[in-house]
Amino acid sequence: MSDFYNLLVQQAEALVDGVIYPIANYANLSALLYQSLPEINWAGFYFIQDGKLVLGPFQGKPACIEIEIGKGVCGTAVFRNETIVVENVHEFPGHIACDGASMSEIVIPLHRNGEIIGVLDIDSPVEGRFREDDRLGLEKLVRMIEDKNKTRE
């Protein structure tokens, strides 16, 4: 993992350390990601509620409020319970276009106590923006916030 992501995870840890409010943590993390990652146009969280993904804290243009599990990149990541990296979202079957400027996307499942509770979603206006180093670094960041929020609601 690159020095960039090691530093980003350290910054994220400092933001959430000792904070007992998960939504505040997710809001600060989305802001940190939006300000720190080059060539992105959206960074935020969706949480499972009433059997679907519902928009959570984010940075960027207004977004889709509800996404069905199994639909679009976010819903597919939840259904498969795995990180999905899409080089060109327009070639992804069933892609949901909240922002027509988005060209690539990475979605990482988020868990609490082993159960999937949502996703971190990051979009870019650049095709092929997300690489293996991005996946590894963002997964490490998500694991960190999972550990911080293990027993919190």
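Check the entry above for the structure.
This one's a predicted model, so the numbers in the text were calculated from it and none came from an experiment.

**Side note on the sheet that holds strand 5 (residues 104-112)**
Here six strands make up an open sheet; going across it, the order is 3-2-1-6-5-4 and the pairing antiparallel. On the outer flanks of this sheet lie strand 3 (66-68) and strand 4 (84-86), each paired with one strand and no other. Looking at each pair of strands side by side, their axes are set apart by 25° on average, direction ignored. Strands in contact with helix 3 (residues 72-80) are strand 1 (42-49), strand 2 (52-60), strand 3, strand 4, strand 5 and strand 6 (115-124); relative to strand 5, the strand with the most contacts, it is inclined by about 40°. Of the strands in this sheet, strand 4, strand 5 and strand 6 touch helix 4 (residues 132-148), which is tilted by about 25° from strand 5.

**Here's the deal with unusual backbone geometry**
The residue D50 is not glycine, and still its phi comes out positive at about 55°. For D50, the location among the structural elements is in the loop between strand 1 and strand 2. A residue is classified by how much of its surface remains accessible, and D50, at 71% relative accessible area, is exposed. One non-glycine residue, N81, adopts positive backbone phi at about 55°. Turning to its location among the elements, N81 is positioned in the loop between helix 3 and strand 4. Assessed through its relative accessible area of 41%, N81 is described here as partly exposed.

Cut-off values and rules
- Residues numbered from 1 in each chain as written.
- Predicted model: local features only at pLDDT ≥ 70, side-chain atom pairs only at ≥ 80, totals over all residues.
- Heavy atoms only, no water.
- Pairing = 2+ DSSP bridges.
- Helix = DSSP H or I, 4+ residues; strand = E, 2+ residues; numbered from the N terminus.
- Axes fitted to C-alpha atoms, helices over the stretch in contact; angles between N-to-C directions.
- Contact = heavy atoms within 4.5 Å.
- Buried < 20%, exposed > 50% of the residue type's maximum accessible area, 1.4 Å probe, protein only.

Note that all results are geometric; they support no functional claim without further evidence.
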